[in-house]
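A closer look at the structure
Residue-level listing of the chains:
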Amino acid sequence: MIELMDLAMEMSKDIQYLKAYIEALKNQKSGKLSDEWLDNQEVLQTLHISPRTLQTYRDNGTLPFSKIEGKFYYKSSDIENLLQSNYTNKSKDK
């Protein structure tokens, strides 16, 4: 009976270790995605907007950016947040 309890405790520890490992992998993967930077052209193509609209997003703070030697860069996570914050589901609204 004691051997069975020891085995169960050992399995429980292994399961906890695996859960922590999987969670760490998830966080590592999502962190990598959020650190990806896109240039103007990639953002224009992704959002299907004009250069003037993108400039407006920069000017009014809708989309954060970095500027290096006259070239603009945007985090993919900021673009995803912009899309999520403007997401509507018309079937739910009815």
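Let me begin by describing the structure that accompanies this report. This one's a predicted model, so the numbers in the text were calculated from it and none came from an experiment. Numbers given to residues run from 1 along each chain, matching the order in which its sequence is written. In keeping with the model being predicted, local features are shown solely for residues with a pLDDT of at least 70 and side-chain atom pairs are shown and tallied solely at 80 or more, while totals for entire chains, interfaces and linings include all residues. Values reported for side chains reflect all heavy atoms of the structure, with hydrogen atoms and water molecules removed beforehand.

Let's talk about the packing of aromatic side chains
Selection criterion: A pair of Phe, Tyr and Trp rings is counted when the ring centres sit within 6.5 Å of each other, with Trp represented by its six-membered ring. The angle between the planes then sorts it: under 30 degrees is stacked, over 60 is edge-to-face, the rest tilted. Put simply, DSSP H or I for four residues or longer makes a helix, DSSP E for two residues or longer makes a strand, and each gets a number counted from the N terminus. Here's how the labels work: a residue is buried when its accessible area is under 20% of the maximum for its type, exposed when over 50%, partly exposed in between, all with a 1.4 Å probe on protein chains only.
Scanning the model with the defined rule gives two aromatic pairs in all. Ring centres of Tyr17 and Tyr21 lie 6.4 Å apart, and the angle between their planes is 15°; this geometry places the pair in the stacked category. On the criterion of helical spacing, the pair formed by Tyr17 and Tyr21 is a turn pair, its members being four residues apart in helix 1 (residues 2–34). Given a relative accessible area of 56%, Tyr17 falls into the exposed group. By relative accessible area, which is 45% here, Tyr21 ends up partly exposed. Here Phe65 and Phe72 contribute two aromatic rings whose centre-to-centre distance is 5.3 Å and whose plane-to-plane angle is 70°, an arrangement assigned as edge-to-face. What makes Phe65 partly exposed here is its relative accessible area of 37%. Given a relative accessible area of 15%, Phe72 falls into the buried group.

Structural measurements only, silent on function.
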